[in-house]
Amino acid sequence: MRRILIASLVGLAAAVGIVMFFARPHQAPPRMPLPLDIWFTADTSGRIEPCGCFSGQFGGLTRVSTVLSQNPSSGLRLEIGNALAGTEDFQILQFEQLLQAEGHMGYHALNLGSREASLPADTLRRLAKDSPVTLLSANVLDAATLTPVVTPWKVVDLGGLKIGLIGIVQGTNWQPDASVIIAEPAETLRQAIPEVKGKADVLVCLAFTDETGLEKLAKEFYEIPILLGGDVQQPSPSLLRINQSWILATTNQSRALGELHTKWDPVTRTLEPATAEISLMHDRIPEDPLIEKFSQAYRKTIGKADLAVDHPGTAADAIPGVNPNATFVGSQSCMACHPKSFATWEKSRHAHAFESLVRKESDTDPSCIKCHVTGFGEPGGYLRNMGKEKLVNVSCESCHGPASNHLEARTTAKPGETIFQKMRPVGPGQCIQCHHGEFSRPFKFEEFWELIKHGKEGA
Ligand code: HEC
Ligand code: HEC
Ligand code: HEC
Ligand code: HEC
């Protein structure tokens, strides 16, 4: 009985097999459209985590990571450019950790923005070599060899769908390093597209350019159905369709995450209509502790590193003609002659600004201390090897400028003598050097000044 059943099952299977074999050429099973989901950031500006200058902050890869982990991990994850905060040595150290963080988050590529493309070719090559995320750019060329400095394009296979990623950066309004040449983006694409098209089903261009630049590319390159931008003032208000291309851009220092969803139809070899969204990060999104670790690693490195800011020049005061050669003397020296101003200042948070950094273990991070100490980066100003000893906090001289000349003029003056020495003028312009963007609650001079008001007391 059992043997007969098995025998007939085998027979049935063989029959089905024969039927399917002959049926196959006539009735191919419908091939399902393949999903293409893309998540992307731009202008991350070194924000592995938000600075914490006030509560209610939005951004940080720590939050982007949380949002990504709530979504299927099968999509593309891309950075369009300017993930680097700047070209100084400490910012490059921070970028190395940012690359590790994005590697951990499953990023497939990081396109070079204008900041990355301002680095020397050798630095870019070294960063690319050690990075878990592919550094991408087809038009950042080595000035000596005229070949791409990093990977010009790559193909990512997502569940059978082959996606060709090409990176470009717009080369206007900024100067690359002498070791680098920025080729014209359209010219670069004209050359690269045929090659990539042969190896991929769909092309996605990571284009660090503005809205006008993106539209121009869409008008010329029908072969690129998806153009993702990043050199914009605001994230795209909606998904744009120009000719055969979908255009979406994002920006905002890790506060905005772009999402684009579509499907690839293998039969017609076209994309289905796409939908898009820009998700804004906010302070109710928990920060991913695993990503915070990369920020901690950066702080550890920076504490031990010898940096250019540790060896400032000896130029005169930055404002020509005012206080030449004046040096910083510290707020204690002002107390005797300006007691009321001193008392107001001492009670303000300015007088405790360095403690905030110590609390966050960021007291050796140049990207933080410049606003939490006195004269950092200026001749005679705060140096990291001063630790907590000297010129910490936002002192009188953070706003009024170095005061040694004033001190000398005032202490050596004879009774009745007219003193021509003047401190530099101060006003709202001074405040917003520190109170701006993510570093401050929205700044209104009248309201903020009210809390630290001081001055005329007939010293
Ligand atoms: C551009 C200047 C600037 C930079 C750079 C800066 N801060 Fe601040 N920070 C401020 C200002 C201004 C405030 C006060 C904000 C307010 O009161 O709205 C502040 C406040 C803070 C506070 C106190 C917050 C509170 O609610 O008690 C902490 C902590 C802090 N910053 C940490 C950092 C860290 C860490 C970094 C580096 C990652 C950093 N800051 C970089 C300007 C800056
Ligand atoms: C020996 C006394 C003395 C000391 C010390 C002193 N000042 Fe003055 N300061 C004066 C006098 C006097 C005036 C003129 C007062 C007036 O016009 O009301 C003045 C004026 C000023 C002014 C007004 C603008 C100007 O250029 O006259 C500022 C700002 C100022 N002082 C800041 C400071 C700071 C900051 C310190 C500490 C680094 C300091 N002073 C230390 C005596 C002193
Ligand atoms: C060198 C950078 C810097 C400058 C310049 C600066 N601030 Fe601040 N300010 C800070 C920092 C940093 C904090 C937060 C300190 C903390 O809590 O760690 C702060 C905090 C404050 C606060 C909250 C103080 C409190 O006690 O509640 C006020 C108000 C303020 N600033 C007003 C001003 C005004 C007005 C100006 C310009 C006249 C100004 N700041 C210029 C860095 C600066
Ligand atoms: C956060 C910035 C800031 C800090 C810190 C600060 N001041 Fe001022 N100070 C100002 C501003 C702004 C004015 C108003 C200038 C004006 O009215 O022209 C002012 C005015 C003054 C004046 C009167 C100026 C005049 O023209 O008569 C004196 C004196 C003075 N400050 C001394 C001090 C002393 C001393 C300290 C430290 C104990 C100090 N300030 C800390 C921003 C600051």
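Residues numbered from 1 in each chain as written. Chains lettered and ligands numbered in written order. Predicted model: local features only at pLDDT ≥ 70, side-chain atom pairs only at ≥ 80, totals over all residues. Heavy atoms only, no water.

Enquirer: Could you give an account of the overall build of the chain, naming the residues involved and the relevant values?
Expert: In terms of helices and strands, the chain carries 14 helices and 15 strands. A compact globule built from 459 residues would reach a C-alpha radius of gyration of about 23 Å, whereas the chain, at 29 Å, exceeds it by more than 25%. When its C-alpha atoms are laid out on the principal axes, the chain stretches across 120 × 55 × 40 Å. Of all 459 residues assigned to the chain, the portion counted as buried reaches 44%. Counting only contacts in the chain whose residues sit at least 6 apart along the sequence, the fraction spanning at least 24 positions is 67%. Total accessible area computed for the chain in this model is approximately 24,000 Å², and 57% of it derives from carbon and sulfur atoms. The chain carries 44 positive and 50 negative side-chain charges, and their two centres are separated by 5 Å. (Helix = DSSP H or I, 4+ residues; strand = E, 2+ residues; numbered from the N terminus. Rg over C-alpha atoms; globule rule 2.2 N^0.38 Å. Buried < 20%, exposed > 50% of the residue type's maximum accessible area, 1.4 Å probe, protein only. Contact = heavy atoms within 4.5 Å. Areas by Shrake-Rupley, 256 points an atom, 1.4 Å probe, with all protein chains shown as cover. Lys, Arg positive; Asp, Glu negative; His and termini not counted. Charge placed at Lys NZ, Arg CZ, Asp CG, Glu CD.)

Enquirer: Which residues make up the sheet that holds strand S12 (residues 245-249), and what values go with them?
Expert: As summarised here, the arrangement of the six strands in space is S6-S7-S9-S10-S12-S11, forming an open sheet in which the pairing is mixed. Looking along the sheet, the strands with just one partner apiece sit at the ends: strand S6 (153-158) and strand S11 (240-242). Strand-to-strand twist across the sheet, computed as the mean angle between neighbouring axes with direction ignored, equals 25 degrees. In the sheet, S6 pairs with strand S7 (residues 161-169) via six bridges, with the strands oriented antiparallel. Counted as the bridge partner of Trp153 is Ile166 from S7. Running over the sheet, helix H5 (residues 185-197) touches S6, S7 and strand S9 (202-208) and is turned about 165 degrees from S7. (Pairing = 2+ DSSP bridges. Axes fitted to C-alpha atoms, helices over the stretch in contact; angles between N-to-C directions.)

Enquirer: Lay out the coordination of the iron atom of ligand 2 in plain terms, naming residues and giving numbers.
Expert: For the iron atom of ligand 2, the full set of protein donor atoms is His338 (NE2) and His406 (NE2), and the range of their distances to it is 2.0 Å. What the six donor atoms of the iron atom of ligand 2 show is an angle range of 87 to 180 degrees at the metal, which sorts the shape as octahedral. Linking His338 in the loop between helix H7 (289-304) and helix H8 (339-347) with His406 in helix H12 (residues 404-412), this pair joins segments that are 68 residues apart in sequence. (Donors = N, O, S within 2.8 Å, 3.2 Å for Na, K, Ca; no water. Tetrahedral: all angles 85-135°; square planar, octahedral: opposite > 155°, others 65-115°.)

Enquirer: So, the nonpolar core: which residues are in play, and what are the values?
Expert: Within the largest apolar cluster, 37 residues are counted, with the highest numbers of intra-cluster contacts made by Leu61, Val64, Phe95, Leu110 and Val140. The greatest single-element share of this core, amounting to five residues, is contributed by helix H3 (residues 89-104). Once residues lying within four places of it in the same chain are set aside, the contact partners of Leu61 are Thr44, Arg47, Ile48, Leu98, Ala101, Glu102, Met105, Tyr107, Ser254 and Ile291. (Core = buried A, V, L, I, M, F, W, Y, C linked by side-chain atoms within 4.5 Å.)

Enquirer: Pulling in residues and values, what's your account of the environment of Lys370?
Expert: Mapping Lys370 onto the fold places it in the loop between helix H10 (366-369) and helix H11 (396-400). For the pair Lys370 and Cys434, spaced 64 residues apart in sequence, the C-alpha to C-alpha distance is 8.6 Å.

Enquirer: So what's going on with the coordination of the iron atom of ligand 1? Residues and values would help.
Expert: Note on the iron atom of ligand 1: its protein donors are Cys53 (SG) and His372 (NE2). The metal-donor distances range over 2.2 to 2.3 Å. With six donor atoms in place around the iron atom of ligand 1 and angles of 88 to 180 degrees between them, the coordination shape is octahedral. Here His372 lies in the loop between H10 and H11 and Cys53 lies in the loop between strand S1 (34-41) and helix H2 (61-69), a separation of 319 residues in the sequence. Its relative accessible area of 17% is what places His372 among the buried residues.

Enquirer: So what's going on with the domain arrangement of the chain? Residues and values would help.
Expert: Under the domain assignment, the chain is made up of domain 1 (34-300) and domain 2 (313-452). Inter-centroid distance (C-alpha atoms) of domain 1 to domain 2 is 39 Å. Taken residue by residue, the interface counts eleven residues in domain 1 and 13 residues in domain 2. For the pair domain 1 and domain 2, the summed buried area comes to about 1,000 Å², and 51% of that belongs to carbon and sulfur atoms. Among the residues of domain 1 in contact with domain 2, Cys53, Phe54 and Arg299 are the three that bury the most area, contributing 45% of the side total. Along the contact surface separating domain 1 from domain 2 lie one salt bridge. Across the pair Glu438 and Arg47 runs a salt bridge, and its minimum N-O distance is 2.1 Å. (Domains from an automatic or database assignment. Buried area = accessible area lost by both parts, 1.4 Å probe. Salt bridge = Lys/Arg side-chain N within 4 Å of Asp/Glu carboxyl O.)

Enquirer: Talk me through the site of ligand 2; I want residue IDs and the actual numbers.
Expert: Among the 15 residues in the neighbourhood of ligand 2, the closest are listed as Cys334, Cys337, His338, His406 and Met423. With respect to ligand 2, the side chain of His406 contributes an N or O atom lying 2.8 Å from a nitrogen atom. Contacts to ligand 2 include Met423, whose backbone N or O atom sits 2.6 Å from an oxygen atom. Elements represented by at least two residues in the shell around ligand 2 include exactly H11 and H12. Per-element accounting of the shell around ligand 2 gives the leading share, four residues, to H12. Along the lines of polarity and charge, the residues of the shell around ligand 2 split into eight nonpolar, five polar and two charged. (Near = heavy atom within 4 Å. Polar contact = N/O pair within 3.5 Å; in protein donor to acceptor, adjacent residues only side chain to side chain. Nonpolar A, V, L, I, M, F, W, Y, C, P; charged D, E, K, R; others polar.)

Enquirer: Help me get a handle on the pattern of salt bridges, residues and values and all.
Expert: Inspection of every chain in the model, using the stated rule, returns 14 salt bridges. Taking the shortest distance from any N to any O, the salt bridge between Arg299 and Glu49 comes out at 2.7 Å. One end of the pair, Arg299, is in helix H7; the other, Glu49, is in the loop between S1 and H2, with 250 residues separating them in the sequence. For the residue pair Arg299 and Glu49, the accessibility class agrees, reading buried in each case. Between Asp122 and Arg125 there is a salt bridge, and its shortest N-O distance comes to 3.0 Å. Of this pair, Asp122 and Arg125 both sit in helix H4 (residues 121-130), separated by three residues, roughly a single helical turn.

Enquirer: Any chance you could break down the pairing of strand S2 (residues 76-79) for me, citing the residues and the numbers?
Expert: Burial along S2 is two-sided: Leu76 and Leu78 and Arg77 and Glu79, pointing in opposite directions, are all buried. Bridge count for S1 against S2 is four bridges, and the pairing is parallel. Within S2, the residue paired with Trp39 across the bridge is Arg77. Bridge count for S2 against strand S3 (residues 109-111) is two bridges, and the pairing is parallel. Residue pairing in the sheet places Glu79 in a bridge with Leu110 of S3. Following the chain from S2 across H3 to the adjacent parallel S3, one finds a crossover that is right-handed. (Right-handed = clockwise from strand over helix to strand, strands pointing away.)

Enquirer: How would you explain the site of ligand 3 if you had to name every residue and give the values?
Expert: In the vicinity of ligand 3, 18 residues are found, and the nearest of them are His350, Ser356, Cys431, Cys434 and His435. Between a nitrogen atom of ligand 3 and a side-chain N or O atom of His350, the distance comes to 2.7 Å. At 2.5 Å from an oxygen atom of ligand 3 is found a side-chain nitrogen or oxygen belonging to Ser356. If you list the elements that add at least two residues to the shell around ligand 3, you get helix H9 (353-359), helix H13 (428-431) and helix H14 (445-452). Examining the composition of the shell around ligand 3, we find that four residues originate from one element, H14, more than from any other. Each residue belonging to the shell around ligand 3 can be placed in one class, and the counts come to ten nonpolar, six polar and two charged.

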